[in-house]
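Residues per chain, in single letters:
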Amino acid sequence: QKEVEQDPGPLSVPEGAIVSLNCTYSNSAFQYFMWYRQYSRKGPELLMYTYSSGNKEDGRFTAQVDKSSKYISLFIRDSQPSDSATYLCAIPSGGSYIPTFGRGTSLIVHP
Amino acid sequence: KAGVTQTPRYLIKTRGQQVTLSCSPISGHRSVSWYQQTPGQGLQFLFEYFSETQRNKGNFPGRFSGRQFSNSRSEMNVSTLELGDSALYLCASRIDEGITEAFFGQGTRLTVV
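These numbers were taken from a predicted model, which means no experiment stands behind them.

Enquirer: Residue-level account of the overall build of chain A, with values.
Expert: The helix and strand inventory of chain A stands at zero helices and 11 strands. Element order for chain A, N to C, with α for helix and β for strand: β-β-β-β-β-β-β-β-β-β-β. Over its C-alpha trace chain A gives a radius of gyration of 13 Å, about what one expects of a compact globule, namely 13 Å for 111 residues. In terms of principal-axis extent, the alpha carbons of chain A reach across some 45 × 30 × 20 Å. In chain A, which comprises 111 residues, the proportion classed as buried is 42%. Across chain A, contacts joining residues at least 24 apart in sequence account for 53% of those joining residues at least 6 apart. Carbon and sulfur atoms form 48% of the exposed surface of chain A, whose accessible area is close to 5200 Å².

This is the structure:
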């Protein structure tokens, strides 16, 4: 079992929709959780990170962690075509806290 | 402030050849990590260098190697290329260890024919 599992999609939604992107993880000791966004032909960039359980909001984006289920989510409200990208969950682990990434979910927001 | 620079952006190599990829991290960043990204496996960690020492290593064969120089610039080398090595190779720099943001370059697209 991989440490971080993520459905690759693609997920196609109309503009304005609420998007839910999800990951599961295997190690209950993980405490930090990150979401990266990767546009086509670019490297990933950090979108948000959270510590432990609960929600964190940043504009149209909300990151949610449920440690009891080992489940992390990213919600995008009022999705825009410019949100079309691959979203990767990442969990820093090990002594150096190197991020372990999920496979990424490809999101397409069509006008 | 300049971002992470990877060269070259694109490479086409023949099976059996070797290749060297280069990464210049953000100024002041001491940690450089390398990842392989493929549609089937996603982003897989290759290795991390910190202050010229390999600190962590992923589950890749010995054909994949790297090094870091005193100015933090890093290179990775793949010897005896196989078709399955075709991928996007991404370099990420972090200012230090710990829970810090990883800044990625645009990657080097390697195609092995």
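Enquirer: Could you give an account of the state of the cysteines, naming the residues involved and the relevant values?
Expert: Residue and element names in this part refer to chain A. This model, assessed by the stated rule, comprises two disulfides over all chains. Here Cys-23 is linked by a disulfide to Cys-89, with a sulfur-sulfur distance of 1.9 Å. Here the disulfide of Cys-23 and Cys-89 is left-handed, its torsion about the S-S bond being about -100 degrees. Here Cys-89 lies in strand S9 (residues 85–93) and Cys-23 lies in strand S3 (residues 19–25), a separation of 66 residues in the sequence.

Enquirer: So, the packing of aromatic side chains: which residues are in play, and what are the values?
Expert: Residue and element names in this part refer to chain A. On inspection of all chains with the given rule, the structure shows 11 aromatic pairs over all chains. For the ring pair Tyr-25 and Phe-30, a centre distance of 5.9 Å and an interplane angle of 50 degrees mean the geometry is tilted. You can call Tyr-25 buried: its relative accessible area is 4%. Ring geometry for Tyr-25 against Phe-33: centres 5.0 Å apart, planes inclined by 45 degrees, an arrangement best described as tilted.

Enquirer: Tell me about the interface of chain B and chain A, and please be specific about residues and values.
Expert: Think of interface size as the accessible area that goes away when the parts come together; that is how it is often given. Listed per partner, the contact involves 25 residues of chain B and 19 residues of chain A. Buried area between chain B and chain A, both sides added, is near 1700 Å², and the carbon and sulfur share of it is 55%. If you look at where chain B meets chain A, you find nine residue pairs in polar contact (both at pLDDT 80 or more). Among the secondary structure elements, those contributing two or more residues to the side of chain B that touches chain A are strand S4 (31–38), strand S5 (42–50), strand S6 (53–57) and strand S9 (87–94) of chain B. In terms of residue count, S5 of chain B provides more of the side of chain B that touches chain A than any other element does, four residues in total. Class assignment of the residues belonging to the side of chain B that touches chain A gives a composition of 10 nonpolar, nine polar and six charged.

Enquirer: Go over unusual backbone geometry, please, and point to the residues and values.
Expert: All names here are of chain A. The omega torsion across Gly-9 and Pro-10 is 15 degrees, close enough to zero to call that bond cis. Here Pro-10 shows up in the loop between strand S1 (4–6) and strand S2 (11–14). Although it is not a glycine, Asp-78 sits at a positive phi angle of roughly 45 degrees. Among the structural elements, Asp-78 can be located in the loop between strand S8 (71–76) and S9.

Enquirer: Tell me what's going on with the sheet that holds strand S7 (residues 64–68) of chain B, and back it up with residues and numbers.
Expert: Residues and elements named next belong to chain B. Read from one edge to the other, the open sheet built from four strands follows the order S1-S3-S8-S7, with strand pairing classed as antiparallel. Two strands in the sheet have a free side with no partner beyond their single neighbour: strand S1 (5–7) and S7. Each neighbouring strand pair of the sheet contributes to a mean axis angle of 20 degrees, computed without reference to strand direction. Bridge count for S7 against strand S8 (residues 74–78) is five bridges, and the pairing is antiparallel. Looking across to S8, one finds that Gly-66 is bridged to Met-76.

Reading the values: rules and limits
- Every chain is numbered independently, its residues counted from 1 as its sequence is written.
- For naming, the first written chain is A and the first written ligand is 1, with later ones following in the order written.
- Owing to the predicted nature of the model, reporting of local features is limited to residues with pLDDT of at least 70; listing and counting of side-chain atom pairs is limited to 80 or more, with chain, interface and lining totals taken over all residues.
- By convention in this description, side-chain values take in all heavy atoms of the structure and omit both hydrogens and water.
- What counts as a helix is a DSSP run of H or I of at least four residues, what counts as a strand is a run of E of at least two, and both are numbered from the N terminus.
- Based on C-alpha atoms, the radius of gyration is set beside the globule rule, defined as 2.2 Å times the residue count to the power 0.38.
- A 1.4 Å probe rolled over the protein chains alone gives each residue an accessible area, and that area as a share of the maximum for its type sets the label: buried under 20%, exposed over 50%, partly exposed in between.
- Whether two residues are in contact is decided by their heavy atoms, any of which lying within 4.5 Å being enough.
- For the accessible areas, the method is Shrake-Rupley and the probe is 1.4 Å, while residue cover comes only from the protein chains on display.
- A pair of sulfur atoms, both from cysteines and within 2.5 Å, is called a disulfide here.
- What counts as a ring pair is set by centres within 6.5 Å for rings of Phe, Tyr and Trp (its six-membered ring), and what kind of pair is set by the plane angle: stacked under 30 degrees, edge-to-face over 60, tilted for all other angles.
- What gets called buried area is simply the loss in accessible area from a 1.4 Å probe that two parts show on being joined, summed for both.
- Distance and chemistry together define a polar contact, namely a pair of N or O atoms within 3.5 Å, with one atom able to donate a hydrogen and the other to accept it when in protein, and with adjacent residues in sequence counting only for side-chain atoms on both sides.
- Note on residue categories: nonpolar means Ala, Val, Leu, Ile, Met, Phe, Trp, Tyr, Cys or Pro, charged means Asp, Glu, Lys or Arg, and polar means any other residue, Gly included.
- For two strands to pair, DSSP has to find at least two bridges joining them.
- Each axis is a line fitted through C-alpha atoms, taken for helices only over the stretch in contact, and angles between the N-to-C directions span 0 to 180 degrees.

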